[in-house]
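This is what each chain is made of:
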Amino acid sequence: MPDSLHPAPLTNPLPNPLEAPTLAEVEAFLYGEARLLDERRFEEWEELFTADGYYWVPTEPGQTDPLTRVSIFYDDRALMRRRIQRLRHPDIHVQDPPSRTVRIVGNVRADREETEDARTLHLHTSSLIVLEYRLGTQRSFGGLVTHALTRENGALRIRWKKVELINADGVFGPLAIPF
């Protein structure tokens, strides 16, 4: 019988910060992220990132460095916040009316682990399709997404997210909504 000297064992201990997340845990996380974006809960989406996290959408297939080439998006947390503030502004013309989106995430797989600044990063890739409808026009985007995930206080967080669109080198109309 548990007492102050012999407490009951924890039934739900926090995961080990170095422990790799299960595939089911990663899938649930990615589906939750997609839902936040589809529901335009951008502030909550931004909070999924670590303090030094970033979001990157390259302009070229196979692009390996966001600092030496132009990118569609390359946002740290401060730029994410600024982009979200613009999306919330009542007079933003590229989102009046707001886009309606649906994201389909699939083919989630664990790729590898890396160590960065004494953190273990768990790299997972997935396929992504985003459908966007606005002003009578529907657009579709597809690509491969890599998430570098780490644990902070037991919760999965995004250290970085890279979205490699299959047509990254194509011509786009205005892009305002994150992928």
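Coordinates for the structure precede this section.
The shown structure was predicted, so the numbers you read here are calculated from the model rather than taken from an experiment.

Student: Please clarify how the pattern of salt bridges should be interpreted in this entry.
Tutor: Overall, the coordinates contain 20 salt bridges when judged by the stated rule. Glu-44 is paired through a salt bridge with Arg-41; the nearest N and O atoms lie 2.9 Å apart. Among the ionic pairs, Lys-162 bridges to Glu-164, the shortest N-O distance being 3.8 Å. For Lys-162, a relative accessible area of 12% gives the class buried. Each of Arg-35, Glu-39, Arg-41 and Glu-44 takes part in salt bridges that share partners, so that together they form one network.

Student: Just checking my understanding: could you explain helix 1 (residues 23–38) for this structure?
Tutor: Residues that lie three or four places apart on an α-helix share one face, since the helix turns once every 3.6 residues. For helix 1, spanning 16 residues, the distance from its first C-alpha to its last is 22 Å, which sits close to the expected 22 Å at 1.5 Å a residue. Along helix 1, the residues classified as buried are Val-26, Phe-29, Leu-30, Glu-33, Ala-34, Leu-36 and Leu-37. Take helix 1 and look down its axis: the buried residues cluster within an arc of 160 degrees, on one side only. More than 90 degrees from the buried face of helix 1, the exposed residues found are Ala-24 and Arg-35. Contacts from the buried residues of helix 1 go to helix 2 (42–46), strand 3 (100–116), strand 4 (119–134), strand 5 (137–152) and strand 6 (155–165).

Calculation notes
Residues numbered from 1 in each chain as written. Predicted model: local features only at pLDDT ≥ 70, side-chain atom pairs only at ≥ 80, totals over all residues. Heavy atoms only, no water. Salt bridge = Lys/Arg side-chain N within 4 Å of Asp/Glu carboxyl O. Buried < 20%, exposed > 50% of the residue type's maximum accessible area, 1.4 Å probe, protein only. Helix = DSSP H or I, 4+ residues; strand = E, 2+ residues; numbered from the N terminus. Expected span 1.5 Å × (residues − 1). Arc of directions from axis to C-beta. Contact = heavy atoms within 4.5 Å.

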